2 protein chains.
Amino acid sequence: MVDMQITFLGTSAATPTSCRGLSSLAIVRGSEVLLFDAGEGMQLNFIRSKLGVNKKMKIFITHMHADHCLGLLGLLQTMSLQGRENKIDIYGEPKLVEFINENTRIINFGLSYDVNLHAIESEGLVVREKDYEVTCCSATHSTSAFSYCLTEGDRPGIFNILEAKRLGIPEGELYGRLQNGEDIIYKGKTILSSQIVGSRRLGRKVGISGDTRPSEKLRRFFMDCDVLVFESTYSHKLKRKAALNFHSTAKEAARLAARSRVRKLLLTHFSARYNNTFELVSEAKSIHKNVNAAEDLMVVPIPYRD
Amino acid sequence: MVDMQITFLGTSAATPTSCRGLSSLAIVRGSEVLLFDAGEGMQLNFIRSKLGVNKKMKIFITHMHADHCLGLLGLLQTMSLQGRENKIDIYGEPKLVEFINENTRIINFGLSYDVNLHAIESEGLVVREKDYEVTCCSATHSTSAFSYCLTEGDRPGIFNILEAKRLGIPEGELYGRLQNGEDIIYKGKTILSSQIVGSRRLGRKVGISGDTRPSEKLRRFFMDCDVLVFESTYSHKLKRKAALNFHSTAKEAARLAARSRVRKLLLTHFSARYNNTFELVSEAKSIHKNVNAAEDLMVVPIPYRD
């Protein structure tokens, strides 16, 4: 069991408003923070959210528009001023590496920790850890852009402790071997792991669209997400503007989420013209029943399916 | 008569807090906006202050630390998204030019208006307009840094309309010539400008310290300021830390202001450790009687002396 939740750090498109900062969200998974995008000023909500400045951390940038990457510099500096020691891994397109390197040189950052920059050259696997991986897929935007998925590995099945006790198996090492799928011989009798342990359970899958038009490619990429965070810059009344600017409407986000069999859709990246998100949520809900609109500092837990 | 006021857009040092953004202030003088520094996220208070996105505008950067210049990129972009058409002039040390040019190239800004970058190579005059000039002086900081002064030209003396009428001079062109210091002949009699118009009155002078230690050079530079905005990162209890980090204490700011015969001292750039500024204002007031602590969005009018 690893707790996982999303904290939204900025939910406005292009320009900040009084209640919405620029694009950024953190997935807190166990003791690790995975940050997706860092719009200007996101460090303030990062501090407010008490995400901690010295945790294991990876940062993924969807694309190099100012409202998605500018805040990275201030965040890196503030964490340094607050004494961060652990390295950070940052992933994005090759221009991101140039962006960090050039600004580090010009502004003379002097960080207290190592920053490892990883230029993503192609779609697919971005990084694999023991029990999850992050993959990317090309989005359809006015500049080169990626969408990301965090996908956990399967978890072991449920251990039937009553059955194990009924068979007289002592707690300890043998439990561990059975849990890990190994059949054992106990007092001369073969006990199959499958007698005690249920079938392996799916890990969770979280998708983050970044800025994009909906596409068949993304529909496949986000298939079966437990939670999908999808941009919804406009209502469907402005569908032509959405297409022109390479963004999505709330309805288009919902349609893709429904076709991808996504369990929960979280809309974000709202044009500053919307004082509230009623219209956007309403049109999305006409297509997908489990929809919510992200707010700055909102925390959404991501439970296991079983 | 030209109205002039300062609007503070960010008053925190190094790291933003819940109620203070990073360094930035606007001097609104008539229909022009002169911006001094642009810390990350200042665009939000710029929008809140309704300073307008299409006014005549100059931007001056004191130095290339991230908390004083990063917000420039987002501000430029937001003004473009909101349809700015008028050019902007930006002044700062040569690295500022590199900062804007490199980021414009990497992030691909595509602004709707012209940006003229001016690298300041030496102290003295930065820009002269018809009725004011901005000058700079080297500050004493951990990196190359400037302090700025905005100094207005003298205004004409007060026109004594009663005396003009008593002498029977008709309103119109002759009034204008007298106001401009010209002696006239009216109905065969010489009338001296000085009979009707008082002596010329001083314009206003506003100083902005940026990040700096106090110095004899700055004491002279800020001489006779009507308003001096001076950094006050620490209280005098932390005077060693202030010296080490090339910052000033509230007491040091007040001491310099008193010696410069400054009329009003506004403290700003407070370390995030201070929840309020009582201690800082109090120690400054023990030295200079007209002191206030800047707050985000605070507006301070700058009246003429006479």
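Note that the structure is predicted; figures quoted are calculated from it, not measured.

### Digging into the overall build of chain A
And step 1. Looking only at helices and strands, chain A features 11 helices and 16 strands.
And step 2. Its C-alpha atoms give chain A principal-axis dimensions of about 70 × 50 × 35 Å.
And step 3. For chain A, the proportion of its 306 residues judged to be buried stands at 57%.
And step 4. By sequence separation, contacts in chain A at least 24 residues apart represent 65% of the contacts at least 6 residues apart.
And step 5. Counting only carbon and sulfur atoms, one obtains 49% of the accessible surface of chain A, whose full area is about 13100 Å².
And step 6. The centroid of the 41 positive side-chain charges in chain A is displaced by 6 Å from the centroid of its 34 negative side-chain charges.

### Some remarks on the pairing of strand β14 (residues 264–268) of chain B
Regular strands place side chains that alternate from one sheet face to the opposite one.
Residue and element names in this part refer to chain B.
And step 1. Where burial is concerned, most of β14 is hidden: 4 out of the 5 residues are buried.
And step 2. Two elements, strand β13 (residues 227–231) and β14, share 5 bridges in a ladder whose sense is parallel. Its bridge partner lying in β14, valine 229 is registered against leucine 266.
And step 3. In this view, the connection linking β14 to its parallel neighbour strand β15 (residues 291–293) by way of helix α11 (residues 278–285) has right-handed handedness.

### Description of α11(B)
Residues and elements named next belong to chain B.
And step 1. If you check which residues of α11 are buried, you get Leu280, Val281, Glu283 and Ala284. Viewed end-on, α11 has its buried residues packed into an arc of 165°, placing them on one side of the element.
And step 2. Structurally, α11 contributes buried residues whose contacts are with α10 (250–259), β14 and β15.

### Brief notes about the pattern of salt bridges
And step 1. On inspection of all chains with the given rule, the structure shows 46 salt bridges over all chains.
And step 2. Across the salt bridge formed by Glu173(A) and Arg177(A), the nearest N and O atoms sit 3.3 Å from each other. Remark: Arg177(A) and Glu173(A) occur in helix α6 (residues 173–179); sequence separation between them is 4 residues, near one turn of the helix.
And step 3. Given the relative accessible area of 57%, Glu173(A) is considered exposed.
And step 4. According to the relative accessible area criterion, Arg177(A) is partly exposed, its value standing at 27%.
And step 5. The residue Glu152(B) makes a salt bridge to Arg204(B) at a minimum N-O spacing of 2.7 Å. With Glu152(B) in strand β9 (residues 146–152) and Arg204(B) in the loop between α7 (193–196) and β12 (205–208), this residue pair connects regions lying 52 residues apart in the sequence.

### A few points about the relation of the copies chain B and chain A
And step 1. Note on the copies: chain B fits chain A at an RMSD of 0.1 Å, the axial shift is 0.0 Å, and the rotation between them is 180°. Here the two chains are linked by the operation of a two-fold rotation axis. It is Gly41(B) whose C-alpha, among those of chain B, lies nearest the rotation axis, at 2.4 Å.
And step 2. A share of 100% of interface residues in chain B that are also interface residues in chain A marks the association as one of identical surfaces.

### Some words on the sheet that holds strand β6 (residues 115–119) of chain B
Residues and elements named next belong to chain B.
And step 1. If you trace the 7 strands from one edge of the open sheet to the other, you get β6-β5-β4-β3-β2-β1-β16, paired in mixed fashion. Two strands bound the open sheet, and with one partner strand each, they are β6 and β16 (299–301). Averaged over all adjacent pairs, the angle separating strand axes in this sheet is 20°, with direction ignored.
And step 2. Pairing between strand β5 (residues 88–92) and β6: 5 bridges, direction parallel. Residue pairing for β6: aspartate 89 is matched across the bridge by asparagine 116.
And step 3. Against the sheet, helix α4 (residues 94–107) contacts β5 and β6, and its axis sits at roughly 150° relative to β6.

### Some words on the nonpolar core
And step 1. Ranked by internal contacts, the top residues of the largest apolar core, which has 62 residues, are Phe46(A), Phe99(A), Phe46(B) and Phe99(B).
And step 2. Those residues within four positions of Phe46(B) in sequence are excluded, and the remaining contacts are Leu9(B), Leu35(B), Leu51(B), Gly52(B), Val53(B), Met57(B), Leu75(B) and Met79(B).

### Notes on α10(B)
Residues and elements named next belong to chain B.
And step 1. Among all positions of α10, only Ala250, Glu252, Ala253, Ala254, Leu256 and Ala257 are buried.
And step 2. Among the structural elements, α8 (216–221), β13, α9 (239–244), β14 and α11 are those in contact with the buried residues of α10.
And step 3. Positive phi shows up at arginine 261, right after α10, with a value of about 55°.

### Some points on the side chain of Thr17(B)
And step 1. One can find Thr17(B) in the loop between β1 (4–10) and β2 (24–29).
And step 2. By relative accessible area, Thr17(B) is classed as buried at 18%.
And step 3. Every residue in contact with Thr17(B), bar those within four places of it in the chain, is listed here: Leu44(A), Ser12(B) and Ala272(B).

### Thoughts on the interface of chain B and chain A
And step 1. Each side of the interface is counted separately: chain B has 36 residues, and chain A has 36 residues.
And step 2. Carbon and sulfur atoms make up 56% of the surface buried where chain B meets chain A, a total of about 2600 Å² over both sides.
And step 3. If you sort the residues of chain B by the area they bury against chain A, Glu40(B), Ile106(B) and Ile107(B) come out on top, with a joint share of 23%.
And step 4. Remark: the boundary between chain B and chain A carries 2 salt bridges.
And step 5. A salt bridge links Arg105(A) to Glu98(B); its shortest N-O distance comes to 2.7 Å.
And step 6. Our count for the contact surface shared by chain B and chain A stands at 11 residue pairs in polar contact (both at pLDDT 80 or more).
And step 7. Of all the secondary-structure elements, those providing two or more residues to the side of chain B that touches chain A are α1 (42–48), α2 (66–69), α3 (71–81) and α4 of chain B.

### Description of the environment of Gln179(A)
All names here are of chain A.
And step 1. Topologically, glutamine 179 is positioned in helix α6.
And step 2. Taking the C-alpha atoms as reference points, glutamine 179 and serine 193, separated by 14 residues in sequence, lie 6.9 Å from one another.
And step 3. In this structure, glutamine 179 is in contact with Pro156, Gly157, Phe159 and Val197, ignoring residues within four places of it in sequence.

### A closer look at the domain arrangement of chain A
And step 1. For chain A, the assigned domains are domain 1 (4–155 + 201–301) and domain 2 (161–196).
And step 2. Between the C-alpha centres of domain 1 of chain A and domain 2 of chain A there is a distance of 44 Å.

### Structural notes on the sheet that holds strand β13 (residues 227–231) of chain A
Residues and elements named next belong to chain A.
And step 1. As summarised here, the arrangement of the 7 strands in space is β7-β8-β9-β12-β13-β14-β15, forming an open sheet in which the pairing is mixed. Of all the strands in the sheet, just β7 (124–128) and β15 (291–293) have a single pairing partner and so form its edges. Neighbour-to-neighbour, the strand axes of this sheet turn through a mean angle of 20°, independent of strand direction.
And step 2. Contacts from helix α11 (residues 278–285) reach β14 (264–268) and β15, with the element oriented near 165° to β15.

Reading guide: rules and limits
- Residues numbered from 1 in each chain as written.
- Chains lettered and ligands numbered in written order.
- Predicted model: local features only at pLDDT ≥ 70, side-chain atom pairs only at ≥ 80, totals over all residues.
- Heavy atoms only, no water.
- Helix = DSSP H or I, 4+ residues; strand = E, 2+ residues; numbered from the N terminus.
- Buried < 20%, exposed > 50% of the residue type's maximum accessible area, 1.4 Å probe, protein only.
- Contact = heavy atoms within 4.5 Å.
- Areas by Shrake-Rupley, 256 points an atom, 1.4 Å probe, with all protein chains shown as cover.
- Lys, Arg positive; Asp, Glu negative; His and termini not counted.
- Charge placed at Lys NZ, Arg CZ, Asp CG, Glu CD.
- Pairing = 2+ DSSP bridges.
- Right-handed = clockwise from strand over helix to strand, strands pointing away.
- Arc of directions from axis to C-beta.
- Salt bridge = Lys/Arg side-chain N within 4 Å of Asp/Glu carboxyl O.
- Least-squares fit on C-alpha atoms with pLDDT ≥ 70 in both.
- Axes fitted to C-alpha atoms, helices over the stretch in contact; angles between N-to-C directions.
- Core = buried A, V, L, I, M, F, W, Y, C linked by side-chain atoms within 4.5 Å.
- Buried area = accessible area lost by both parts, 1.4 Å probe.
- Polar contact = N/O pair within 3.5 Å; in protein donor to acceptor, adjacent residues only side chain to side chain.
- Domains from an automatic or database assignment.

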